Amino acid sequence: MDRLVLLGDSVIDNGVYVQPGEPDVPRQLRDLLPGHQVDMRAVDGSVTADVLRDVQENGVPAGARVFLSSGGNDALAHMELLTDQTAQPLAHSLVTLREIREAFRAQYAALLEALDPANLMVATIYNPAFTDDQAPLQVPAEGALSIFNDVIQQEALAHGVPVLDLRRLFDDPGDYANPIEPSAQGGAKIAARVAGWMDDRVSP
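So, here's what we can say about the structure. These numbers come from a predicted model, not from an experiment. (Residues numbered from 1 in each chain as written. Predicted model: local features only at pLDDT ≥ 70, side-chain atom pairs only at ≥ 80, totals over all residues. Heavy atoms only, no water.)

**Concerning the overall build of the chain**
- The secondary structure content of the chain amounts to eight helices and seven strands.
- What you see for the chain is a C-alpha radius of gyration of 17 Å, in line with the 17 Å of a compact globule of 204 residues.
- Dimensions of the chain, computed from the C-alpha atoms along their principal axes, are close to 55 × 35 × 30 Å.
- Residue pairs at least 24 apart in sequence account for 77% of intrachain contacts in the chain once pairs closer than 6 positions are excluded.
- As displayed, the chain offers around 10,000 Å² of accessible surface, 52% of which is attributable to carbon and sulfur atoms.
- Averaging the positions of the 14 positive and the 30 negative side-chain charges in the chain gives two centres separated by 6 Å. (Helix = DSSP H or I, 4+ residues; strand = E, 2+ residues; numbered from the N terminus. Rg over C-alpha atoms; globule rule 2.2 N^0.38 Å. Contact = heavy atoms within 4.5 Å. Areas by Shrake-Rupley, 256 points an atom, 1.4 Å probe, with all protein chains shown as cover. Lys, Arg positive; Asp, Glu negative; His and termini not counted. Charge placed at Lys NZ, Arg CZ, Asp CG, Glu CD.)

The structure is reproduced here in structure tokens:
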């Protein structure tokens, strides 16, 4: 029996966000992969340091494939920058963003180093879906997330790890349960790509 370990945050652990009776990502994967063991270790609210701690303390079963979605909550930790009304010189803002990027890089690179690249696929952070009174946050949020996604893609490339780009996958409002969490529809898209990767049918 092949084994799949799910690591990360609420992109995977989305059970509390889907509608009652709708399946979360782990259940969708179990339905798509009846001959596989699916280990659910993603935890809503986890940052990359939490996932790294889990891997360091609990390891990953030898030969198991791993799907990793991490970084969204690291980005959310800096949400106040999107609404900060304090005027700062552009150079100062860019220095701040670089410091945030490199702090995230250190955690994310360490996490990839702790996992087997031959059995790993990682996900980028999808763009949010802010509407109504939150709509002014959409463009700056996309710009800020590109900094984190740049790290994910660079580190994945450096480690020879395939990337599932959720920014391209989440292309419909129905993919979202709320502005920042996946619905059952969005989760089904993720599950289909991960299942295809497990069965070597498709690339990310």
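**Details of the sheet that holds strand β5 (residues 163-164)**
- Taken in spatial order, the five strands line up as β2-β1-β3-β4-β5 in an open sheet, and their pairing is parallel. Pairing within the sheet leaves two strands with one partner each, and these edge strands are β2 (36-40) and β5.
- Pairing between strand β1 (residues 2-8) and strand β3 (residues 65-69): five bridges, direction parallel. Paired with L6 across the bridge in β3 is F67. (Pairing = 2+ DSSP bridges.)

**Thoughts on the packing of aromatic side chains**
- Overall, the coordinates contain five aromatic pairs when judged by the stated rule.
- For the pair Y126 and F170, a centre-to-centre distance of 4.5 Å together with 5 degrees between the ring planes defines the contact as stacked. Here Y126, found in the loop between β4 (120-123) and α6 (138-159), pairs with F170, found in the loop between α7 (166-169) and β6 (176-178); they are 44 residues apart in sequence, far enough to count as distant.
- Aromatic pair Y126 and Y176: ring centres 5.7 Å apart, planes at 85 degrees, arrangement edge-to-face. Residue Y126 is located in the loop between β4 and α6, and its partner Y176 is located in strand β6; the two are separated by 50 residues in the primary sequence.
- A relative accessible area of 13% places Y176 in the buried class. (Phe/Tyr/Trp six-rings, centres within 6.5 Å; stacked < 30°, edge-to-face > 60°. Buried < 20%, exposed > 50% of the residue type's maximum accessible area, 1.4 Å probe, protein only.)

**Details of the environment of G160**
- By secondary structure assignment, the location of G160 is in the loop between α6 and β5.
- Along the primary structure G160 and A118 are separated by 42 residues, whereas in three dimensions their C-alpha atoms are 7.9 Å apart.

**A closer look at the pattern of salt bridges**
- All chains considered together, the criterion is met by nine salt bridges.
- For the salt bridge of E102 with R105, the shortest nitrogen-to-oxygen distance reads 3.0 Å. Taken together, the residues E102 and R105, both in helix α5 (residues 90-113) and three residues apart, mark about one turn of the helix.
- On the basis of relative accessible area, R105 is assigned to the buried category, the value being 16%.
- A salt bridge links K189 to D175; the nearest nitrogen and oxygen atoms lie 2.9 Å apart. Taken together, the residues span a long stretch of sequence, with K189 in helix α8 (residues 184-198) and D175 in the loop between α7 and β6 at a distance of 14 residues.
- A residue is classified by how much of its surface remains accessible, and K189, at 24% relative accessible area, is partly exposed.
- Salt bridges sharing common partners tie together R101, E102, R105 and E155. (Salt bridge = Lys/Arg side-chain N within 4 Å of Asp/Glu carboxyl O.)

**With respect to the side chain of S70**
- Within the secondary structure layout, S70 lies in the loop between β3 and α3 (72-76).
- Using a relative accessible area of 2% as the deciding quantity, one classes S70 as buried.
- Polar contacts involving the side chain of S70 include one to the side chain of T48, which spans 2.9 Å.
- Ignoring any residue separated from it by four or fewer positions in sequence, one finds S70 in contact with D9, V47, T48, V51, F104, Y108 and I152. (Polar contact = N/O pair within 3.5 Å; in protein donor to acceptor, adjacent residues only side chain to side chain.)

**A closer look at the environment of S93**
- Topologically, S93 is positioned in helix α5.
- The class for S93 is partly exposed, based on a relative accessible area of 28%.
- In sequence terms S93 and L81 are 12 residues apart; their C-alpha atoms lie 9.5 Å from each other.

**A word on the pairing of β1**
- Buried residues dominate β1, accounting for five of its seven residues.
- With five bridges joining them, β1 and β2 adopt parallel strand pairing. Note that in β2 the partner of L4 across the bridge is V38.

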